[in-house]
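Here is what each chain is made of, one letter per residue.
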Amino acid sequence: MASRKESGVSSSNTLDSPVKQIQIEGLVVLKIIKHYQEEGQGSEVVQGVLLGLVVEDRLEITNCFPFPQHTEEDADFDEVQYQMEMMRSLRHVNIDHLHVGWYQSTFYGSFVSRALLDSQFSYQHAIEESVVLIYDPIKTAQGSLSLKAYRLTPKLMEICKEKDFSAEGLKKAAVGYENMFEEVPIVIKNSHLISVLLWELEEKSTVPSKHELLSLSSSSHLEKSLQMLMDRVDDMSQDIVKFNTFSRNTSKQQQQKHQYIQRRQQENTQRQSRGEPPLPEEDISKMFKPPQPPPRMDTLLIAGQINTYCQTVKEFTSQNLGKLFMAEALQGHNS
Amino acid sequence: MKYCPTCRGSCVKLSSSLASTLPPQTSRGRHLTRDFLWKNMAVYGPVVKIHPVVLASIADSYERRNEGATRVIGTILGTIDKHSVEITNCFSVPHNESEDEVAVDMEFAKNMYELHKKVSPSEAIVGWYATGFDITEHSVLIHEYYSREAQNPIHLTLDTTLQNGKMNVRAYVSAQMGVPGKTVGVMFTPLTVKHIYYDTERIGIDLLHTTCASPSRTNGLTSDLAQVGTSAARVQDMLTTVLAYIEDVLSGKVIADNSVGRCLMDLLNKVPFIPAEDFESMLNSNINDLLMVTYLTNLAQAQISLNEKLVVL
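Reading the values: the criteria
- Residues numbered from 1 in each chain as written.
- Chains lettered and ligands numbered in written order.
- Predicted model: local features only at pLDDT ≥ 70, side-chain atom pairs only at ≥ 80, totals over all residues.
- Heavy atoms only, no water.
- UniProt positions renumbered as here; feature names shortened; annotations may be inferred.
- Buried < 20%, exposed > 50% of the residue type's maximum accessible area, 1.4 Å probe, protein only.
- Helix = DSSP H or I, 4+ residues; strand = E, 2+ residues; numbered from the N terminus.
- Pairing = 2+ DSSP bridges.
- Contact = heavy atoms within 4.5 Å.

- As annotated in an unreviewed UniProt entry, chain B carries the name Eukaryotic translation initiation factor 3 subunit F and comes from Denticeps clupeoides.
- You can read under Subcellular location (unreviewed entry) in the UniProt record for chain B the words "Cytoplasm".
- In the Sequence similarities (unreviewed entry) part of its UniProt record, chain B is described as follows: "Belongs to the eIF-3 subunit F family."

- The name that an unreviewed UniProt entry assigns to chain A is Eukaryotic translation initiation factor 3 subunit H, with the source organism given as Denticeps clupeoides.
- Recorded in UniProt under Subcellular location (unreviewed entry), the annotation for chain A is "Cytoplasm".
- According to the UniProt record, the Subunit (unreviewed entry) comment for chain A is "Component of the eukaryotic translation initiation factor 3 (eIF-3) complex, which is composed of 13 subunits: EIF3A, EIF3B, EIF3C, EIF3D, EIF3E, EIF3F, EIF3G, EIF3H, EIF3I, EIF3J, EIF3K, EIF3L and EIF3M."

Below is the structure:
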């Protein structure tokens, strides 16, 4: 009996992946939330570095620090120096100073981009177990913490290494939009002292716990997500049009080449019959320049992005359907 | 407030308005603990509002302290308002403390503050924190240093030694006392401490709280529909508690409280009365919207996978 392998961005933990699970401390979660809340209003993306260590097949994230926003000055020099200083200082106070990844906030789920791919590739190349944590503040504000961890699949790593982004390269490695990123499950773990703190806060907190999760208003969020989906689909269709024109051009060119060769041969036979020297063979490739094949990597990224959008929208709709049925039950009792 | 005759003022009997804020038992005039006094003392000075991330940071740096150190200190950053100080960030500073002397790495503190300023330029040094229960003489020295960095610095203590079985958070400002010119001293006056949260922080804390319940102190992030399920279970629990209370009141076991009755009235009125057909139509249209969106997204996904296959051919 053949076993069905689950495909898609979630689940499939390949056997050769060094990281099977991510363990995050509560402190890191709070810091990421605070960083976005204070510095990332609007559609700004906030980023930061994750620190921790690797234990067997688990990646433990014990601390993090934020990156300043990109300003007009030369950000590169500042960034590296900032990072070095920060890590050196943290080492003095016994905080784990091993880089294990980075985090980024996202806007309605859009994070599959060239920049992310490049950064994650350089991280994963340097440190094998690194991950990127994607924090979705809007989904969190709706009631449940949305934090996902992604790594690049080994296949994608190979492609990035060779910088071969052409269609043949991608075909060779058989990378589809579904096996670009792999998601790693996350577990939150707190030490005993932090647990005591949480109980204290629970007692003393004057703000009641939020019940946003049960709110029924969904239309504005759906609209926004669908709009982003439509934009991406438009990009995708433009890409497809480009690819179609390219393939049409290539086939037309092939035909033209063919015709030219035939005409040449005909002329040559005619000339031979008349006893004249045949025309020299001309370099065909110089005459017919093959058109540039469009880059395939962008299409792949767009496809991946569309996929993530669809997943998030589906999660959202399933939640809302559940809530609507609950509301129906509540009404049913009253009427 | 009336003074209790038995201990002549070292505890305080409650007036009825305060009594309603506590669970029924303590309103019967029991001797109160120091904690309660702490909570209700009128204090002059800014209200200190703390975010949970600061407390978690302090607890974490306490766990990572060097061998032999009994407490850790560090700087707290935040913003100052007219009547309140909001503490939003902190970092620990290495220091050495022995019987007669204390050494704090000032350079380090300055460097860290510069680095933090790059990320959030609006945060300023508002004081310093220390773990532990008491205020020692060394604290006075450290406090002096910090008064050079910030006006009227706030001293925050987090009781990690869990005296009285609680982890208390206290805040102080220093005030001069004594006879001017002759013997002057410094007194630390307490301030009211409030815990405040951003919305997302509140949701994060709720999630972190679930880890307290599990024996291995871990918790995975649940899937979407399961979250709705847990939320619904929570609401159900709350409803059962309210129902039990109502039963008790009806059977006479508990005296009815008017304010609770008014809240219950509000609660019932909040469920809107919608005629059945209107509700049906609203429900159906919403469900249709959601189903359509699901269908469209599935279509989009099928489209891109088709495109993938065709291109690879």
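From this point, the narrative continues.
### Examining the pairing of strand 3 (residues 58-66) of chain A
Residues and elements named next belong to chain A.
- Burial within strand 3 is extensive, with eight of its nine residues counted as buried.
- As paired elements, strand 1 (residues 21-25) and strand 3 share four bridges and run parallel to each other. Residue pairing across strands places Ile-24 opposite Ile-61, the latter belonging to strand 3.
- Where strand 2 (residues 47-55) meets strand 3, eight bridges bridge the pair, whose relative direction is antiparallel. Note on strand 3: the bridge partner recorded for Gly-52 is Ile-61.
- Where strand 2 folds back on strand 3, the antiparallel hairpin that results is connected by two residues, among which Glu-56 adopts a positive phi of roughly 50°.

### Let's talk about the side chain of Asp-60 of chain B
- Examined against the element boundaries, Asp-60 of chain B turns out to sit in helix 3 (residues 52-63).
- Given a relative accessible area of 3%, Asp-60 of chain B falls into the buried group.
- Other than its neighbours up to four places away in sequence, Asp-60 of chain B contacts Glu-25, Leu-27 and Asn-63 of chain A.

### Details of the UniProt feature "domain: MPN" (unreviewed entry) in chain B
- Under the present numbering, the feature "domain: MPN" (unreviewed entry) in UniProt falls on residues 48-178 of chain B.
- Along residues 48-178 of chain B one finds 30% helix and 38% strand; the C-alpha atoms at either end are 26 Å apart.

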